[in-house]
Amino acid sequence: MIKKYTAEILPLNAEKIGTAAHGTATFTIDDVQMKTHIDMFDTLANVQHWEHFHGFPDGKPAEIATVAQDANGDGFVDLPETESVSGTTMVPFNADPAKMHVPNDDYPVADADGHYNYEKLVDLKELQRAFKDAFGSDDLQLDKRVIYIHGVPDTLKLPTTVQGTVMNYDTHVTLPIAVGKIVKA
């Protein structure tokens, strides 16, 4: 049985970063694999963009962050500020999603026009095993998740109030630039 999910990815922090990143994501799951296709436009050019689905391990439905989540009033919705409505980072959309290794340099890089296209086939059983190890269940529950696109150039001046450092990756890498609610197609 094939299940299909989609997300319309909308800009976040657009007024602060100078571009309104947007796109679409499709997830097609059968008994063997999950195919992910993400097509992004107007992202920051020549920048690597981390992308993941976020959610709550207990299955509570995740929602997209908006300016309402800017808890410290600095004008940016940073990664920690998304957690109250979107949960935690779960599955990365990088070179090997099933390894669920979030902090790395294997994510798509936008071209000079701010476009990139990500497509990946993942062994479903391998992904479910890793997901269960991390979150206690092998049910991905995509219809209860949101997708985030992250990343701005190091040259963008961010206030010290912007948080979200992950290991040796600073807030330029983790700042959300777009988000979408995943829904069953």
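Residues numbered from 1 in each chain as written. Predicted model: local features only at pLDDT ≥ 70, side-chain atom pairs only at ≥ 80, totals over all residues. Heavy atoms only, no water.

Caption draft 1: Region of the structure containing the packing of aromatic side chains. Under the counting rule described, the total for this entry stands at 7 aromatic pairs. Following the ring pairs from residue to residue traces out a cluster consisting of F27, F53, F93, Y118, F131 and F135. Lying over the aromatic face of F56, K60 brings its terminal NZ or CZ to 4.5 Å of the ring centre. (Phe/Tyr/Trp six-rings, centres within 6.5 Å; stacked < 30°, edge-to-face > 60°. Lys NZ or Arg CZ within 6 Å of the ring centre and 35° of its normal.)

Caption draft 2: View of the pattern of salt bridges. Across all of its chains, the model carries 2 salt bridges by this definition. One salt bridge in this structure joins K35 and E119, with 3.6 Å as the shortest N-O distance. Placement of K35 in strand β3 (residues 33-41) and of E119 in strand β6 (residues 116-123) is noted, with a sequence separation of 84 residues between them. With a relative accessible area of 48%, E119 lands in the partly exposed category. Taking the shortest distance from any N to any O, the salt bridge between D96 and K99 comes out at 3.7 Å. When its relative accessible area of 63% is taken as the criterion, K99 is described as exposed. (Salt bridge = Lys/Arg side-chain N within 4 Å of Asp/Glu carboxyl O. Helix = DSSP H or I, 4+ residues; strand = E, 2+ residues; numbered from the N terminus. Buried < 20%, exposed > 50% of the residue type's maximum accessible area, 1.4 Å probe, protein only.)

Caption draft 3: Looking closely at the environment of P108. Relative to the elements of secondary structure, P108 occurs in the loop between β5 (88-92) and β6. The residues contacting P108, other than those within four sequence positions of it, are V47, Q48, H49, E51, F93, Y116 and Y118. (Contact = heavy atoms within 4.5 Å.)

Caption draft 4: Fine view of helix α2 (residues 79-86). Listed in full, the buried residues belonging to α2 are L79, E81, T82 and S86. Angularly, the buried residues of α2 cover 150° about the axis, an arc narrow enough to put them on a single face. Contacts made by the buried residues of α2 are with β4 (51-55), β5, β7 (146-150), α4 (171-174) and β8 (176-184). In the segment just after α2, G87 is the residue with positive phi, at about 80°. (Arc of directions from axis to C-beta.)

Caption draft 5: Looking closely at the nonpolar core. Ranked by internal contacts, the top residues of the largest apolar core, which has 40 residues, are I38, F53, F93, L140, L142, I147 and I149. Mapped onto this core, the elements with two or more residues apiece are β1 (3-11), β2 (22-29), β3, β5, β6, α3 (124-135), β7 and β8. With 5 residues, the single largest contributor to this core is α3. Beyond its immediate sequence surroundings of up to four residues, I38 is in contact with I9, T24, A25, E51, F93, Y116, N117, Y118, I147 and I149. With 8 residues, the next largest nonpolar core counts F56, A65, V146 and Y148 among its residues. (Core = buried A, V, L, I, M, F, W, Y, C linked by side-chain atoms within 4.5 Å.)

Caption draft 6: Local environment of unusual backbone geometry. In this structure, N13 takes a positive phi of about 65° despite not being glycine. Tracing the backbone through its elements, the reader meets N13 in the loop between β1 and α1 (14-17). The phi angle at Q141 is positive, at roughly 45°, despite the residue not being glycine. Looking at the element boundaries, Q141 is found in the loop between α3 and β7. The class of Q141 is partly exposed, set by a relative accessible area of 22%.

Caption draft 7: Focus on the sheet that holds β7. Strand order in the open sheet made by the 8 strands is β5-β4-β7-β8-β1-β2-β3-β6, with antiparallel pairing throughout. With one partner strand each, in any of the chains shown, β5 and β6 form the two edges of the open sheet. Strand-to-strand, the axes of this sheet are offset by a mean angle of 25°, without reference to chain direction. By the bridge criterion, 5 bridges tie β1 to β8 in an arrangement that is antiparallel. (Pairing = 2+ DSSP bridges. Axes fitted to C-alpha atoms, helices over the stretch in contact; angles between N-to-C directions.)

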